[in-house]
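Now for the letters of each chain:
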Amino acid sequence: MARTSILSRSRRHRLRLAVLMSAVAALVGASLTVAIPQAGAAETPLSQGRPATASSAENAGTPASAAVDGNGGTRWSSAFSDPQWLQVDLGSPATINRVVLDWEGAYATAFTVQTSADGAAWTTIHTTTAGPGGDQTLNVSGAGRYVRLTTTGRATQYGVSLWEFQVYGTGATPPPNGGGPVVRVAEFLAECPFTHRLPDDPIIFPGLPGGSHMHSFFGNTSTDAHSDLTSLLNADSTCSPRIDLSSYWVPTLYNDNVPVEPTGTTFYYLGEGVRDDVIARTQPLPLGLRIVAGNAKATQPDDTSNARWSCLHAGHVGSSKNFVTCPAGTMLESYLDFPQCWNGRDLDSADHKSHMAYPVAGTCPASHPVPVPKLRQVLRYPVNGDPARFWLASGPGFTMHGDFFNAWPEAEMERRVRDCIRPIIKCGADGHP
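Conventions we followed
- Residues numbered from 1 in each chain as written.
- Predicted model: local features only at pLDDT ≥ 70, side-chain atom pairs only at ≥ 80, totals over all residues.
- Heavy atoms only, no water.
- Helix = DSSP H or I, 4+ residues; strand = E, 2+ residues; numbered from the N terminus.
- Buried < 20%, exposed > 50% of the residue type's maximum accessible area, 1.4 Å probe, protein only.
- Contact = heavy atoms within 4.5 Å.
- Areas by Shrake-Rupley, 256 points an atom, 1.4 Å probe, with all protein chains shown as cover.
- Pairing = 2+ DSSP bridges.
- Salt bridge = Lys/Arg side-chain N within 4 Å of Asp/Glu carboxyl O.
- Phe/Tyr/Trp six-rings, centres within 6.5 Å; stacked < 30°, edge-to-face > 60°.
- Lys NZ or Arg CZ within 6 Å of the ring centre and 35° of its normal.
- Disulfide = S-S within 2.5 Å.

K.L.:
A description of the overall build of the protein should follow, citing residues and the corresponding values.
P.N.:
Each helix and strand counted, the protein has four helices and 23 strands in total. Sorting the 433 residues of the protein into buried and exposed places 49% on the buried side. Taking contacts inside the protein between residues at least 6 apart in sequence as the whole, the part at least 24 apart equals 73%. Summed over all atoms, the accessible surface of the protein reaches about 19200 Å², with 56% contributed by carbon and sulfur.

See below:
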């Protein structure tokens, strides 16, 4: 058996060598008459950054525009019913040869792809009743200014959801911004997975190990009771991008007294909540800034407990300041917005909040005149069902709070504010559209 295997490998080697020599000879011969093209930039979809509409959206965070923004971390998600449609306007007539559907877990098994010159009369260029989900590439032949995906059968009980809807071809005018997003969202982000748990809090109880309730830490891997800016800047991070050495932490969530860590940990930096002229003068978050949002000592879900809970893929459940009942197959989500108006002087304050403020009537108050990016903390926990089983290390769901210690490199924070926040452009983790 061993000798047969060796001989087989030898024959395969000789065969590959012969094929390779033949290919080289053909290439050399062709090069005498044909110029070999140079490698070019990746093809940009005709659909990227174009106006998109849909029959519905699961919630405000999953609009039609998210499926054509070129960002694989955002998505369109529909209501939980059939049929649904998503449509993109290419801006001018085009010849269409390929459509790529990058489905999220909630995909369609039955759907059609159609084109139209005027948005009224439609021609079907692809149809299926056995779609497999995932990343589908459809080789098609069609023409038109508008391209529509219509779904008639869902693979799950939820709506249909696409990370990206990409249309390729020729003839349309170039996408705006070279294919960049036209969605007016001032945003950049960091994905910072869980690192460790400790009963420490270097903002509230600095230098006192074990002085706090249990916290779950994200981003900087070194955070403990003794952490300061120097120690954070000399440590490592789980964040994407790795240059974000900031530390983020929240009270640990328990399910039947067992600690549960989120599997989704996104920290958005946003310009929303204020007027455009205020966004235009947004300043970088100062290095070493510390902020606490929410109220760990809340006794009821009042105005001081500004975190909210909801369910992934179950928008019909709604949101609440306390835990909600998420259906089987969904996940519990926590959203928390940090204040975005700074007093311009202090990196911290006695209560760890007074140096910051939330905007009023679309602008920053005179006491806190410096607008900075709003930090939005979004955590997704792999639990669902009866919320009576859940509790935080700080207490009920309405005691959810977040701590942030800024250790972004100053030049990178400045660049992201300049290129993403002030011009109101949606950027990814790399700080680019």
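K.L.:
How would you sum up the pairing of strand E5 (residues 123-128)? Please name residues and give values.
P.N.:
By the bridge criterion, five bridges tie strand E4 (residues 108-116) to E5 in an arrangement that is antiparallel. For Gln114, the partnering residue across the bridge sits in E5 and is Thr124. Where E4 hands over to E5, the hairpin turn is made up of six residues, of which Gly119 adopts a positive phi near 80°.

K.L.:
I'd like a rundown of the pattern of salt bridges, residues and numbers included.
P.N.:
This model, assessed by the stated rule, comprises 17 salt bridges. Between Lys426 and Glu187 there is a salt bridge, and its shortest N-O distance comes to 3.3 Å. Within this pair, whereas Lys426 is found in the segment after helix H4 (410-421), its partner Glu187 is found in strand E8 (residues 187-191), the two being separated by 239 residues in sequence. Taken individually, Lys426 and Glu187 each receive the classification buried, so the pair is uniform in this respect. Connected through salt bridges with shared partners, the residues Glu272, Asp337, Lys374 and Arg376 form a single ionic network.

K.L.:
I'd like a rundown of the packing of aromatic side chains, residues and numbers included.
P.N.:
If you walk through the whole model with that rule in mind, you get 15 aromatic pairs. Taking 6.2 Å as the distance between ring centres and 50° as the angle between the ring planes, the aromatic pair formed by Phe218 and Phe267 counts as tilted. Here Phe267 lies in strand E14 (residues 264-270) and Phe218 lies in strand E10 (residues 215-219), a separation of 49 residues in the sequence. Phe267 shares its class with Phe218; the two are buried. Among the aromatic side chains, those forming a connected cluster through ring pairs are Phe188, Phe194, Phe218, Tyr248, Phe267, Tyr269, Phe404 and Trp408. For Arg98, the ring lying beneath its charged end belongs to Tyr168, and the centroid distance is 4.0 Å. Here Arg148 stacks its cationic end above the ring of Trp85, 4.2 Å away from the centre of that ring.

K.L.:
Let's hear about the state of the cysteines: which residues, and what values?
P.N.:
Scanning the model with the defined rule gives four disulfides in all. Across the disulfide, Cys192 is cross-linked to Cys239 (sulfur-sulfur distance 2.0 Å). Looking along the S-S bond of the Cys192-Cys239 disulfide, the torsion reads about 110°, which is the right-handed sense. Residue Cys192 is found in the loop between E8 and strand E9 (194-198), and its partner Cys239 is found in the loop between helix H2 (229-233) and strand E11 (247-251); the two are separated by 47 residues along the sequence. Given a relative accessible area of 2%, Cys239 falls into the buried group. For Cys341, the disulfide goes to Cys364, at an S-S distance of 2.1 Å. With the S-S bond torsion at -80°, the cross-link from Cys341 to Cys364 turns out left-handed. Here Cys341, found in strand E18 (residues 341-342), pairs with Cys364, found in the loop between strand E19 (356-357) and strand E20 (370-371); they are 23 residues apart in sequence, far enough to count as distant. Regarding the disulfides, the protein carries the connectivity 1-2, 3-4, 5-6, 7-8 under sequence-order numbering of its bonded cysteines.

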